Amino acid sequence: MYFYSDYELNREAFKADFKDCSDFLLREITVNGKRAFFCVMDGLVDSLQLAESVTKPILESRLEFADDEEHMNKIRQCVAGAVEINETDNFEDGYFLLMSGFLIFCLEGCGKALAFGVQGWNRRNTDEPTTEAMVKGAKECFVETLNDNKALLRKRLKTPDLKMKQLKAGKTAKTPVVLAYLSGTADSDTVKAIEEKIENIPLELVEDYGSIAAFIEGGPKSFFSCVGNTERPDVLVSKLLEGRVAVMVEGTPFVMYTPYLFTDNFSSLDDYNNPAYYSSFVRLLKYFSFFISLFLPAVYVAVGTYHQEIIPSTLLYIIASSEDTTPFSLLGEAVITHLLYEIMREAGLRLPKTVGHAVSIIGAIVIGEAMVSAGFVGEPMLVIVALTAISSYAVYPLYERIAVMRLVLIVIAGVSGIFGITVSFCVLLSNIFALGAYGVNYSAPLSPLNSSSLGDTLLRQSWKKLSKRRVRINSLGDSNDWN
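Residues numbered from 1 in each chain as written. Predicted model: local features only at pLDDT ≥ 70, side-chain atom pairs only at ≥ 80, totals over all residues. Heavy atoms only, no water.

(A) Region of interest: the overall build of the chain. When helices and strands are tallied, the chain shows 15 helices and 12 strands. Against the compact-globule benchmark of 23 Å for 483 residues, the chain has a radius of gyration of 29 Å, which places it well outside the compact range. If one aligns the C-alpha atoms of the chain with their principal axes, the spans along those axes are about 100 × 55 × 40 Å. Each of the 483 residues in the chain was classed as buried or not, and the buried ones make up 48%. When the accessible area of the chain is evaluated, it comes to approximately 23700 Å², of which 58% is carbon and sulfur surface. In the chain, 45 side chains carry a positive charge and 57 a negative one; their mean positions are 7 Å apart. (Helix = DSSP H or I, 4+ residues; strand = E, 2+ residues; numbered from the N terminus. Rg over C-alpha atoms; globule rule 2.2 N^0.38 Å. Buried < 20%, exposed > 50% of the residue type's maximum accessible area, 1.4 Å probe, protein only. Areas by Shrake-Rupley, 256 points an atom, 1.4 Å probe, with all protein chains shown as cover. Lys, Arg positive; Asp, Glu negative; His and termini not counted. Charge placed at Lys NZ, Arg CZ, Asp CG, Glu CD.)

(B) Main features of the sheet that holds strand S1 (residues 24-31). Here we have 5 strands laid out as an open sheet, ordered S1-S2-S4-S5-S3, and antiparallel in their pairing. Two strands close off the open sheet at either side, each with one partner strand: S1 and strand S3 (85-88). Each strand axis lies, on average, 25° off the axis of its neighbour in the sheet, ignoring direction. Alignment of strand S4 (residues 102-107) against strand S5 (residues 113-117), held across 5 bridges, turns out to be antiparallel. Its bridge partner lying in S5, Phe102 is registered against Gly117. Packing against the sheet, helix H1 (residues 7-17) makes contact with S1, strand S2 (34-41) and S4, and its axis sits at approximately 15° to S2. (Pairing = 2+ DSSP bridges. Axes fitted to C-alpha atoms, helices over the stretch in contact; angles between N-to-C directions. Contact = heavy atoms within 4.5 Å.)

(C) Examining the pairing of S5 more closely. Here S5 lies mainly inside the structure; 5 of its 5 residues are buried. In S5, alternate side chains face the same way, and those of Ala113, Ala115 and Gly117 on one face and Leu114 and Phe116 on the other are all buried. In this sheet, S5 lies alongside S3 in antiparallel orientation, the contact comprising 4 bridges. Bridge pairing in S5 links Ile85 to Phe116. In this antiparallel pair of consecutive strands, S4 and S5, the connection spans 5 residues, and Gly109 shows a positive phi of 80°.

(D) Seen up close, the nonpolar core. Counting residues in hydrophobic clusters, the biggest one holds 60 residues, and the most contacted among them are Ile198, Ile212, Ile216, Phe224 and Val247. At 7 residues, helix H14 (residues 399-434) tops the list of elements feeding residues into this core. In terms of nonpolar packing, the next biggest core, distinct from the first, is built from 22 residues, Ala36, Leu50, Ile75 and Leu114 among them. (Core = buried A, V, L, I, M, F, W, Y, C linked by side-chain atoms within 4.5 Å.)

(E) Structural view of the packing of helix H9 (residues 276-306) against H14. Close contact between H9 and H14 brings their axes to 8 Å; oriented N to C, the two are set at 50°. Accordingly, the angle class assigned to the pair H9 and H14 is oblique. As H9 packs across H14, the resulting crossing turns out to be right-handed. Across the contact of H9 with H14, the residue classes break down as 21 nonpolar, 4 polar and 1 charged. (Parallel < 35°, antiparallel > 145°, perpendicular 65-115°, else oblique. Left-handed = near helix turned anticlockwise from the far one by under 90°. Nonpolar A, V, L, I, M, F, W, Y, C, P; charged D, E, K, R; others polar.)

(F) Looking closely at the sheet that holds strand S10 (residues 255-258). The antiparallel open sheet is built from 5 strands, whose spatial order is S6-S7-S9-S10-S8. Each having just a single partner strand, strand S6 (162-169) and strand S8 (228-230) make up the two edges of the open sheet. Within the sheet, the average angular offset between the axes of one strand and its neighbour, ignoring direction, is 25°. Examined bridge by bridge, strand S7 (residues 175-182) and strand S9 (residues 245-249) share 4 bridges and lie antiparallel to one another. Paired with Val178 across the strands is Met248, a residue of S9. Seen against the sheet, helix H5 (residues 146-156) touches S6, S7 and S9 and runs at an angle of roughly 165° to S6.

Spelled out as structure tokens, the structure:
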């Protein structure tokens, strides 16, 4: 609905729509003989900036004008001191700006309103990231305020090629969303496709980045995702330089980016601060940890149940003597132990920190000593679970996926042995190779093979060699999936 030319109708519309809203403030004034009103949302504006740059200059103005349109333009161009000034002719945009920390100014006889940027509210400092700890990286992270996140990104990418397009997501309550990309580096079709998906999200309210991610990613159903996330500005900058597109959502400290590759799960910013030989060693460790955390329990259950002949006799005797005192099969032990571990982990995450430490201690006592002493679980199984848990944290971006797939593989191994694990591995590979979005395969640059990008995949080359690479994300692979 558009603004009225009638002052009374505009004022009454604001008062009616914000009835019983105690944070809505409206003040009527007279400017150069014309009636007008300001309105703001209490708690979202900087009172000092509001008075010094907007209300005081307008109240003290002495202007000559031919009509109301010229009066409004002179206030905007010659009077107000605010840097950020928007003009709107409809209530929907006006309300969105009002609830984003803007001051709305309506003048008698004018069918539009001015919105002055005077935002100001309590915000969290850019502390050290909690989920992406780096030994030698920067100690700042994104926060819940969208403007602060844009500033952190702009501070690191000082180029006009960095575009940050403002969008709105949600039907009932519009959530500010920013689409960030490097013009000339990111694929224009990818930017356009993501923008259309964000604007057409069929949600009443976008509360967090996870609800948007489900609509951005494409491809077949999979445990894996073509949308990554980070809370580190330096990581996001490196992704944008590769031609990826980022999505920042108001109210969340995590920023999404796409296309996301399978190999991204095994690299970190520290890889580029350490010597190339050590970074390559760490990456190989992460790939090895991925296979251990995913397949080790299943292989142990399969071999111990169906293929005892391939186990060395000494080790077989240890396993057999341990399992002889437990009431459950290897399959039952593996499932129970992993479920208990996940329960304790979830409890430690959700409880207050002081209680969370107690849960960890109790869990170690219960599983590490009491269950073995009571004969519920064999000691070899606890060793397998411990190795699996430690290895899964080495590839933390894949933890949620590994936790579910591991239990599925354990059940398959207990039913069909090594044959079932082999078939599952082939299905998993097929799914990874089939997944893709926005013209890029999830398995790139390994499939299809891109030799120029292998120097920063399984191993990392020196900076002298990496500086000669000019690889962009959309040149790594060919995927026809744009859904």
